Amino acid sequence: MNTYILEDNLLISSPGVGGLTYLEGSNQITISTKASTGIYIGKEGLFCGLQENGGNHLILAKDGASDDIELANDALDIHDVLVHENLIYFVATQTNAVVCLNSDFKIVDSWQLSGEEDSSHINSVAVYKGRLIASAFGNFKLHREYKNGTQRLGRVFDVRTGETLIEGLSQPHSLTVENNYLYLCSSEENTLHVYEDQTLIKSVLIPGYARGVAVGEDYIYVGISLSRNVNSDISKLTSGAIAVIDKKTMIIVGLNMLPFREVYDIRIVNQHSNIFNLMQLWQLDTQVLVDTLEKNKQEIESQSNEIESQSKEIEYLNNIIVEITSSKSWRITKPLRDIRSAFSMPSNKKIKE
């Protein structure tokens, strides 16, 4: 299937060995190579979760500036971010929690599932018909217990009450609201689901591990991750990709390949400004790295020159020693040196009285 010329501009995040990719028409720009997770784009700015350093950082691009915000000292493993009614919500997968911040990034509320760290693998958050909802792999209690199996154990629940709203999912991700509809990926089943309230009304099979959803006027965009349960009989993909689905027919009409193996989130971008702010931020990070490497290189060169100088000096002294020890006078005076050595050596024997 040929690369599809997109009607919408897309920003895609990729975890693992990933980053951020911008798609416009048939063009593609890699904005960063920092592993990234959830994205939010709105009047409040562009927010993006970073996976490095324990996943406790958010990037904010707004009004011509970018900022890297550290939310905690400990690992959070941020998977998603949402801004609603001037409050910032993020999913801390490591602590099984949804956390609410004010505009100063101070915690004003939080809701935590029971169990050990990353037991339920809560991963996405949205507001649907007035309810704050989240998706999780299941009601597990042990650390990453979901590794033992997740088929039909996943759910969508009301964050504030804990009530399960949708169940029987397999590794649900990517809660996305458009008009009265709720879209999500049942990732392990390679499927996009569409709900009206709690009723499944449409389902689309995706050629690979489905994660990341964006809904435009005419098309739905679903991410495909190469490294997650891709059936080689279904998919011949060699990298992560975006499946383009016609909203009228719910048929996949195109695939757009990406420079990374995985997709986490997708957002439709109407303006370029915040994208350029992100690029500027990572260019600054890159410049700092380049400057550090150049400084280290200069220090290494300086140390190498010093070592070379010392080596030459040692070689010069060794040559002098060889010259002295091979001389006739050195051989003649050897008995005198032996006598001096004998008298200068300390004795370990006791003198008898």
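Reading guide: rules and limits
- Residues numbered from 1 in each chain as written.
- Predicted model: local features only at pLDDT ≥ 70, side-chain atom pairs only at ≥ 80, totals over all residues.
- Heavy atoms only, no water.
- Core = buried A, V, L, I, M, F, W, Y, C linked by side-chain atoms within 4.5 Å.
- Buried < 20%, exposed > 50% of the residue type's maximum accessible area, 1.4 Å probe, protein only.
- Helix = DSSP H or I, 4+ residues; strand = E, 2+ residues; numbered from the N terminus.
- Contact = heavy atoms within 4.5 Å.
- Salt bridge = Lys/Arg side-chain N within 4 Å of Asp/Glu carboxyl O.
- Pairing = 2+ DSSP bridges.
- Axes fitted to C-alpha atoms, helices over the stretch in contact; angles between N-to-C directions.

Draft legend 1. Focus on the nonpolar core. Grouped together as the largest cluster of nonpolar side chains are 29 residues, with contacts concentrated most on F47, V98 and L132. Breaking this core down by element, the ones donating at least two residues are β6 (57-62), β8 (78-84), β9 (87-92), β10 (97-101) and β13 (131-136). In this structure V98 touches Y89, F90, V91, S110, W111, I122, V125, L132, A134 and V159, once residues within four positions along its chain are discounted. Formed by 19 residues, the second largest nonpolar core is a distinct cluster that contains V213, V215, I220 and A241.

Draft legend 2. Up close: the pattern of salt bridges. With the rule as written, the count across this model stands at 10 salt bridges. Between K43 and E44 there is a salt bridge, with the nearest N and O atoms lying 3.2 Å from each other. Overall, the relative accessible area of 71% leaves K43 in the exposed class. Residue classification places E44 among the buried positions, given a relative accessible area of 15%. Across the pair E163 and R131 runs a salt bridge whose closest N-O atoms are separated by 2.7 Å. Of the two residues, E163 sits in the loop between β14 (154-158) and β15 (164-169) while R131 sits in strand β13, which places them 32 residues apart along the sequence. For E163, a relative accessible area of 38% puts it in the partly exposed group. Given the relative accessible area of 29%, R131 is considered partly exposed. Put simply, R131, D158 and E163 are held in one network by salt bridges that share partners.

Draft legend 3. Focus on the pairing of strand β19 (residues 199-205). As judged from the 6 bridges shared by strand β18 (residues 191-196) and β19, these two strands associate in the antiparallel manner. Residue T191 lies in a different strand from β19, and its bridge partner there is L205. Remark: 2 residues form the turn of the hairpin made by β18 and β19, two consecutive strands paired antiparallel; D197 in that turn has positive phi of roughly 60°.

Draft legend 4. Molecular detail of the environment of G54. Along the chain, G54 turns up in the loop between β5 (45-50) and β6. The sequence separation of G54 and I78 amounts to 24 residues, and the corresponding C-alpha distance is 8.4 Å. For G54, the residues in contact, after removing those within four places along its chain, are A75, L76 and D77.

Draft legend 5. Broad picture of the sheet that holds β14. Taken in spatial order, the 4 strands make up an open sheet running β12-β13-β14-β15, and their pairing is antiparallel. Across the chains shown, the open sheet's two edge strands, defined by having one partner strand only, are β12 (124-128) and β15. In this sheet, neighbouring strand axes are inclined to one another by 20° on average, regardless of whether the strands run parallel or antiparallel. As paired elements, β13 and β14 share 4 bridges and run antiparallel to each other. By the bridge assignment, A136 is partnered in β14 with R155.

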